[in-house]
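Chain residues, written in single-letter form:
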Amino acid sequence: MDSLIIYHEKLTSIKTTMLFVMLTVVSFCLFIWRLLASSMNWLAVLLLSLACFFLLYSINYLILDIQLDINSLKLQFGIFKWQVPLTNIAHFQLDDDIPWLMRMGGAGIHFMFVRGRYRASFNFLEHPRVVIAFKNKVGPILDISFSTSQPAQILTHLEEAIHSA
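Read on for a plain summary of the structure. (Residues numbered from 1 in each chain as written. Predicted model: local features only at pLDDT ≥ 70, side-chain atom pairs only at ≥ 80, totals over all residues. Heavy atoms only, no water.)

**Some remarks on the sheet that holds strand β9 (residues 141–147)**
Rules: Paired strands, as defined in this entry, are two strands with at least two bridges between them according to DSSP. Strands here mean DSSP runs of E at least two residues long; helices mean DSSP runs of H or I at least four residues long; both are numbered from the N terminus. Here an angle of 0 to 180 degrees is reported between the N-to-C directions of two axes, which are lines fitted to C-alpha atoms, with helices fitted over the stretch in contact. Residue contacts follow a heavy-atom distance rule, with two residues in contact if any of their heavy atoms lie within 4.5 Å.
Read from one edge to the other, the open sheet built from five strands follows the order β5-β8-β9-β7-β6, with strand pairing classed as mixed. Of all strands in the sheet, those bounded by a partner on one side alone are β5 (89–94) and β6 (108–114). For this sheet, the mean angle separating the axes of adjacent strands, direction not counted, is 20°. In the sheet, strand β8 (residues 129–138) pairs with β9 via six bridges, with the strands oriented antiparallel. Bridge pairing in β9 links R129 to S147. Packing of helix α4 (residues 151–164) onto the sheet brings it into contact with β5, β8 and β9, and relative to β5 it is tilted by some 160°.

**Some points on the nonpolar core**
The criterion, for reference: Grouping buried Ala, Val, Leu, Ile, Met, Phe, Trp, Tyr and Cys residues that are joined through side-chain atoms within 4.5 Å yields what is termed a nonpolar core. The buried label applies to any residue whose accessible area, calculated with a 1.4 Å probe on protein chains only, is under 20% of its type's maximum; exposed applies above 50%, and partly exposed to all values in between.
Counting residues in hydrophobic clusters, the biggest one holds 30 residues, and the most contacted among them are L73, W82, F122, I132, I144 and F146. Considering every element that reaches this core, the biggest residue donor is α4, with four residues. Those residues in contact with I132 that lie beyond four places of it in its chain are L73, I89, H91, F92, L142, D143, I144, F146 and L158.

**So, the environment of A133**
One can find A133 in strand β8. If we ignore the near neighbours within four places in the chain, the residues touching A133 are N88, I89, A90, H91, R117, L142 and D143.

**A word on the sheet that holds strand β2 (residues 63–69)**
The strand order β1-β2-β3-β4 describes an open sheet built from four strands, whose pairing is antiparallel. In this open sheet, the two strands that pair with only one neighbour each are β1 (5–12) and β4 (80–85). This sheet shows a mean twist of 10° between the axes of neighbouring strands, independent of strand direction. Relative to β2, β1 runs antiparallel, the two sharing seven bridges. Across the sheet, the residue bridging to I5 is D69, located in β2.

**Focus: the packing of aromatic side chains**
Keep this limit in mind: Between the rings of Phe, Tyr and Trp (Trp by its six-membered ring), a pair exists once the centres lie within 6.5 Å; its type follows the angle of the planes, with under 30 degrees stacked, over 60 edge-to-face, and the other angles tilted.
Tallied over the entire structure, the rule returns 12 aromatic pairs. Judged by centre distance (4.9 Å) and plane angle (90°), the ring pair of Y61 and F77 falls under edge-to-face. Highlighted residues: Y61 in the loop between α2 (42–60) and β2 and F77 in strand β3 (residues 72–77), separated in sequence by 16 residues. We note that Y61, like F77, is buried. Ring geometry for F111 against Y118: centres 6.4 Å apart, planes inclined by 25°, an arrangement best described as stacked. Taking the relative accessible area as the measure of exposure, F111 reaches 46% and is therefore partly exposed. By the ring-pair criterion, three or more aromatic residues cluster together here, those being F20, F53, F54, Y57, Y61, F77, F80, F122 and F124.

Below is the structure:
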């Protein structure tokens with residue numbers, strides 16, 4: 001089955017990982033401080049919940065796995081997976097013409113409107129992104145974008161895979 005894989009990339013971000021780990025540690029330290037200063041109350045529970053939330057983020061958004069095969073493009077961020085059949089790709093391009101706030105709006109998986117089109121974004125902040133427009137909606141989603149360290153290479157492989165399909 002590996003012979004059917006056209007392109008494979010595992011992308012990570014030290015900055016994103018360190019941000020989520022730092023938020024985990026700060027939230028947990030504040031929880032301990034609140035627990036020692038008082039007792040277990042709503043604020044302590046909130047701080048512990050935040051620490052757990054950021055710990056899960058640290059683990060889940062550690063690696064973005066991008067895999068292109070002869071039938072589809074697969075994206076996986078931890079437990080979250082998205083598969084785009086090549087037959088549902090209308091067009092694709094480098095995602096460099098996006099408002100600054102949306103480009104820098106956070107790491108992980110985000111959903112947003114870009115020029116009136118609802119988009120899912122699998123994102124690390126310091127890497128460029130590719131955007132794919134669908135022929136047919138997937139639920140409310142019209143586009144998907146994802147970070148990659150090799151945008152030119154993935155665009156070339158997508159072009160070849162779609163034309164040979």
